[in-house]
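For reference, the chains in residue letters:
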Amino acid sequence: MVRIDLRSHIARPMRDIHDSVDEGGRGRPLLTPETVLLGVRVTDKAEAITQAGNALVRAGCVTPAYVTGMLAREATMSTYLGNGIALPHGRLDDLKTVRRTGISVVQLPEGITWEADEKVYLVIGLAVAPASQEHTAVLSNLLDLLQEPDAIRQLAHTTDAMTIVERLTHTRSEA
């Protein structure tokens with residue numbers, strides 16, 4: 001089983017993570033209730049990744065080609081992080097299909113087998129615009145969340161998308 005060390009991806013200090021800047025220079029939220037899909041049932045991880053990617057497409061963060069890149073990444077290296085969370089994302093070659101940094105969440109209350117003997121309940125789709133650091137605070141929050149199995153269970157069963165948005169986008173001073 002391959003585990004990703006998120007700390008290696010977090011190179012900069014915490015900063016405001018509520019907004020991403022699009023191609024036109026306008027601030028937009030990284031994660032919104034519209035990019036959180038609650039109570040989803042899927043048959044396999046490819047379907048879960050596709051749903052996470054399509055939420056990013058609908059939000060205007062990526063082109064449809066990015067979803068194909070997310071699936072290709074998973075085929076070469078698992079994005080399972082542990083404790084019921086996966087973080088699918090595209091490959092380096094897929095950066096050209098990212099319009100702005102964005103995050104999606106697919107909540108799977110019943111879970112889906114991701115790796116042998118490992119179930120995923122939260123699929124967190126990630127698209128990072130080239131040279132962007134806007135996502136680092138969300139990754140830091142995700143590191144904290146990975147250490148809290150009770151919080152993961154709560155998020156896996158909440159019926160309020162804002163609960164997930166707030167947990168993943170709060171800054172340290174808000175915690």
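Parameters at a glance
- Residues numbered from 1 in each chain as written.
- Predicted model: local features only at pLDDT ≥ 70, side-chain atom pairs only at ≥ 80, totals over all residues.
- Heavy atoms only, no water.
- Helix = DSSP H or I, 4+ residues; strand = E, 2+ residues; numbered from the N terminus.
- Buried < 20%, exposed > 50% of the residue type's maximum accessible area, 1.4 Å probe, protein only.
- Pairing = 2+ DSSP bridges.
- Salt bridge = Lys/Arg side-chain N within 4 Å of Asp/Glu carboxyl O.
- Core = buried A, V, L, I, M, F, W, Y, C linked by side-chain atoms within 4.5 Å.
- Contact = heavy atoms within 4.5 Å.
- pLDDT = per-residue confidence, 0-100.
- Axes fitted to C-alpha atoms, helices over the stretch in contact; angles between N-to-C directions.
- Polar contact = N/O pair within 3.5 Å; in protein donor to acceptor, adjacent residues only side chain to side chain.

A. Fine view of the overall build of the protein chain. Summing up its helical and strand segments, the protein chain has five helices and seven strands in all. The secondary structure elements of the protein chain, listed N-terminal to C-terminal, are β-β-β-α-α-β-β-β-β-α-α-α. Counting the 175 residues in the protein chain, one finds 53% classified as buried.

B. Representation of the pairing of strand β7 (residues 118-127). Extensive coverage of β7 is indicated by the burial of eight of its ten residues. Of the pairings in the sheet, the one linking strand β5 (residues 85-86) to β7 comprises two bridges and is parallel in character. Considered in β7, the bridge of Ile85 is made with Leu122. Of the pairings in the sheet, the one linking strand β6 (residues 102-115) to β7 comprises nine bridges and is antiparallel in character. Its bridge partner lying in β7, Ile112 is registered against Val120. The turn joining β6 and β7, which pair antiparallel and follow one another in sequence, is formed by two residues; a positive phi near 65° is taken by Asp117.

C. Spatial organisation of the pattern of salt bridges. Within this structure, the stated rule accounts for six salt bridges. A salt bridge links Arg91 to Asp94; the shortest N-O distance between them is 3.1 Å. On the accessibility criterion, Asp94 (5% relative accessible area) is buried. Glu148 is paired through a salt bridge with Arg167; the nearest N and O atoms lie 2.9 Å apart. Linking Glu148 in the loop between α3 (136-146) and α4 (149-157) with Arg167 in helix α5 (residues 161-169), this pair joins segments that are 19 residues apart in sequence. For Arg167, a relative accessible area of 16% gives the class buried. Members of the salt-bridge network, linked through shared partners, are Lys45, Glu74 and Glu115.

D. Inspection of the nonpolar core at higher detail. Membership of the largest hydrophobic core comes to 24 residues, with the highest contact counts inside it found for Ile85, Val105, Ile124, Leu142, Leu145 and Leu168. Contributions of two or more residues to this core are made by β6, β7, α3, α4 and α5. The dominant element in this core, judged by the number of residues it contributes, is α3, at five residues. Here Leu145 is in contact with Ile85, Ala151, Ile152, Leu155, Arg167 and Leu168, once residues within four sequence places are set aside. Among the nonpolar cores identified, the runner-up in size contains 23 residues, and Ala48, Tyr66, Tyr80 and Ala127 belong to it.

E. Representation of the confidence of the model for the protein chain. Summary statistics for the protein chain give a mean pLDDT of 84 and a share of 81% for residues scoring 70 or more. Confidence over residues 1-26 falls short of pLDDT 50; this stretch has 74 contacts with residues more than four positions distant or in other chains.

F. Structural context of the sheet that holds β7. Across the sheet, five strands lie side by side as β3-β6-β7-β5-β4; this open sheet has mixed pairing. The sheet terminates laterally at β3 (36-37) and β4 (80-82), the two strands that pair on one side only. Here helix α1 (residues 45-58) sits on the sheet and contacts β3, β6 and β7; the angle it forms with β6, its principal contact strand, is near 165°.

G. Broad picture of the side chain of Ser78. With respect to the helices, strands and loops of the structure, Ser78 is situated in the loop between α2 (64-76) and β4. Separated by 3.1 Å, the side chain of Ser78 and the backbone nitrogen of Tyr80 make a polar contact.

H. Spatial organisation of α5. Taken as a whole, α5 has its buried residues at Ala161, Ile164, Val165, Arg167, Leu168 and Thr169. Along its buried surface, α5 packs onto β3, β6, β7, α3 and α4. With a side-chain oxygen lying 3.1 Å from the backbone nitrogen of Met162, the N-terminal cap of α5 falls on Asp160.

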